[in-house]
Amino acid sequence: MLEDHKRTGAYYNAVIQNRRQFKDKVVLDVGTGSGILAIFSAMAGAKKVYAVEATDMAKHARTLVAHNKFDGVIEVVQGTIETIELPEKVDIIISEWMGYFLLRESMLDSVLLARNRFLKPGGALYPSHARMYLAPMRTNASAGRINDFQNSMYGWSEFLKEMKGFYQVDLDCLSEAYRSEQKEYYMSTSAWGNVHPSQLMGPGACFKKYDLHSVTIDELKADLLAEVSLPIVDACGPVDAFCGWFDVEFKGSGQNPADDPMKLSTAPDATGPTHWGQQVFMLHPSIDVASNDSLTTKVKVARQKVNHRLLELDIEVKVTGNSIHATGEPRQLNWHID
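A few points on the structure. (Residues numbered from 1 in each chain as written. Predicted model: local features only at pLDDT ≥ 70, side-chain atom pairs only at ≥ 80, totals over all residues. Heavy atoms only, no water.)

With that settled, consider a nonpolar patch on the surface. Side chains of Phe166, Tyr167 and Val169 sit close together on the surface and give an oily, nonpolar patch of about 350 Å² of accessible area. Mapped onto the elements, Phe166 comes out in helix 6 (residues 141–167). (Patch = residues over 30% accessible without salt bridge, like charges linked within 9 Å, V, L, I, M, F, W, Y side chains within 5 Å. Areas by Shrake-Rupley, 256 points an atom, 1.4 Å probe, with all protein chains shown as cover. Salt bridge = Lys/Arg side-chain N within 4 Å of Asp/Glu carboxyl O. Helix = DSSP H or I, 4+ residues; strand = E, 2+ residues; numbered from the N terminus.)

Dropping the structure here:
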């Protein structure tokens, strides 16, 4: 992720261009990894930085901190936010906690726990706010997914013939389970995408906003429910997929606002993606629309029951407007975000 200059540059600018907020402050870096955000904080004049890392990456962070001569300011603490203790409260918490579609990996839980345990009243989180977006898009990848599924099933059929011909073992009793597994992967799992802005058929609609200073862990664990209208501005064909992304803002806190607020966006960008890219939720079949129609959607984002670090997205969608495609019949859609 250090090679993702859009990501690293946004954090660097958010810290260095707000030196006044960091100067002589105590900072907590949650999930420090290499220690780069802790180093940025020290460069901005923090008097003390606690860089917390649960994994053995903490050893490399200590090496990097010492090599850059910040070991007098930065203390690397190996452990989890749930178990560590700090000798003092902190003025700022900084963390790169975002996962695919913002919430995958559930690392925000740890940041909020750190806020509850260690942040002084009036202290600031970097980033401080987050937003989630959806937009309709066109893509040939949806048809490609169908072809991949069909090729997978053809390969299975050939494999069955070989097993029976060479070894006299009939595996056909597993065909339904295999088909179900492959269909779920190819047809009902989101894909990482490098989406070009020209593929969007309408503007991104924000369906969820988070203020990290006030959102609770219980709110975060609950199902995210929202209703949003996605306008169709450019319809030269059907909607093949939904495109999902997020942005975060570095505004500081009400008591310690940033002098120069920054934003890190993962929206489709002609210059290339961040390492998060976008999440592409493909439609099978596509949805026919006309310009000036809208997709009226009910959105549900929930943690998967088997692994709470992964997500599920449910969308109920119907076409509204004056075109021939408008219908009162909604479609029920579901994807895994693995």
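Moving on, there is more to tell.
Taken N-terminus to C-terminus, the directions of helix 1 (residues 5–16) and helix 3 (residues 36–43) make an angle of 25°; their axes are 9 Å apart at the nearest point. Here helix 3 runs roughly parallel to helix 1, going by the angle between their axes. The two elements helix 1 and helix 3 cross, and the hand of that crossing is right-handed. On helix 3, the residues that touch Arg7, Thr8, Tyr11, Tyr12, Val15 and Ile16 of helix 1 are Ile36, Leu37, Phe40, Ser41 and Met43. Here the contact of helix 1 with helix 3 is composed, by residue class, of 8 nonpolar, 2 polar and 1 charged. (Axes fitted to C-alpha atoms, helices over the stretch in contact; angles between N-to-C directions. Parallel < 35°, antiparallel > 145°, perpendicular 65-115°, else oblique. Left-handed = near helix turned anticlockwise from the far one by under 90°. Contact = heavy atoms within 4.5 Å. Nonpolar A, V, L, I, M, F, W, Y, C, P; charged D, E, K, R; others polar.)

Per the counting criterion, the structure on display carries 14 aromatic pairs. Between the aromatic rings of Tyr133 and Trp245, the centroid separation amounts to 5.7 Å while the plane-to-plane angle is 10°, which identifies the pairing as stacked. In this pair, Tyr133 is assigned in strand 6 (residues 129–137) and Trp245 in strand 10 (residues 239–252), connecting sequence segments 112 residues apart. With relative accessibility at 7%, the residue Trp245 sits in the buried group. Site record: aromatic cluster; members linked through ring pairs are Phe101, Phe207, Phe242, Phe281 and Trp335. (Phe/Tyr/Trp six-rings, centres within 6.5 Å; stacked < 30°, edge-to-face > 60°. Buried < 20%, exposed > 50% of the residue type's maximum accessible area, 1.4 Å probe, protein only.)

All right, on to the nonpolar core then. Counting 90 residues, the largest nonpolar core has Leu28, Ile74, Leu102, Phe207, Tyr210, Phe242 and Leu295 as its most contacted members. Of the residues forming this core, the biggest block, 6 residues, is contributed by helix 3. The residues contacting Leu295, other than those within four sequence positions of it, are Pro136, Val228, Ser229, Leu230, Ile232, Val239, Phe242, Ile287, Val289, Val317, Lys318 and Val319. Counting residues in hydrophobic clusters, the runner-up holds 11 residues, among them Tyr133, Val195, Ala241 and Cys243. (Core = buried A, V, L, I, M, F, W, Y, C linked by side-chain atoms within 4.5 Å.)

What follows is about helix 1. With 12 residues, helix 1 extends 15 Å from end C-alpha to end C-alpha; this agrees with the ideal 16 Å at 1.5 Å per step. Along helix 1, the residues classified as buried are Arg7, Thr8, Ala10, Tyr11, Ala14, Val15 and Ile16. Where helix 1 begins, the capping side chain belongs to Asp4, and its oxygen is found 3.3 Å from the backbone nitrogen of Lys6. (Expected span 1.5 Å × (residues − 1). Polar contact = N/O pair within 3.5 Å; in protein donor to acceptor, adjacent residues only side chain to side chain.)

Let's shift gears to the sheet that holds strand 15 (residues 331–337). Pairing is antiparallel in the open sheet, where 4 strands are placed in the order 9-13-14-15. The strands lining the two open edges of the sheet, one partner per strand, are strand 9 (224–231) and strand 15. The mean inter-strand angle of the sheet, taken between neighbouring strand axes irrespective of direction, is 20°. Across 8 bridges, strand 9 lies against strand 13 (residues 294–303) in antiparallel orientation. What sits directly across from Ala226, in strand 13, is Val299. (Pairing = 2+ DSSP bridges.)

Here we come to the pattern of salt bridges. Pairing between side chains becomes possible if they bear opposite charge and their charged atoms approach one another. One pass over the full model with this rule turns up 16 salt bridges. Put simply, Asp109 and Arg303 hold a salt bridge, and the shortest N to O gap is 2.8 Å. Of this pair, Asp109 sits in helix 5 (residues 108–118) while Arg303 sits in strand 13; the two residues are 194 residues apart in sequence, bridging distant segments of the chain. Assessed through its relative accessible area of 13%, Asp109 is described here as buried. Between Glu249 and Arg131 there is a salt bridge, with the nearest N and O atoms lying 3.7 Å from each other. One end of the pair, Glu249, is in strand 10; the other, Arg131, is in strand 6, and 118 residues separate them in sequence. Several salt bridges share partner residues, and in doing so they unite Arg131, Asp247, Glu249 and Lys251 into one network.

With that out of the way, let us pick up unusual backbone geometry. Cis geometry is found at the peptide bond from Tyr126 to Pro127, where omega equals 0°. Note that Pro127 resides in the loop between strand 5 (119–126) and strand 6. Geometrically, the link from His284 to Pro285 is a cis peptide bond, its omega value of 5° lying close to zero. Look at Ser106: it is not a glycine, yet its phi comes out positive at around 60°. Among the structural elements, Ser106 can be located in the loop between strand 4 (90–94) and helix 5. A positive phi angle, close to 60°, is found at Gln168, a residue other than glycine. Mapping Gln168 onto the fold places it in the loop between helix 6 and helix 7 (175–187). By relative accessible area, Gln168 is classed as exposed at 62%.

With that out of the way, let us pick up the pairing of strand 4. For strand 4, the buried fraction is high: 5 of the 5 residues fall into the buried class. Two elements, strand 1 (residues 26–30) and strand 4, share 3 bridges in a ladder whose sense is parallel. Paired with Asp29 across the strands is Ile94, a residue of strand 4. Judged from the 4 bridges that link them, strand 4 and strand 5 form a sheet pairing that is parallel. When the sheet's bridge partners are listed, Ile94 is paired in strand 5 with Tyr126. Between strand 4 and its parallel partner strand 5, the chain crosses via helix 5, and the hand of that crossover is right-handed. (Right-handed = clockwise from strand over helix to strand, strands pointing away.)

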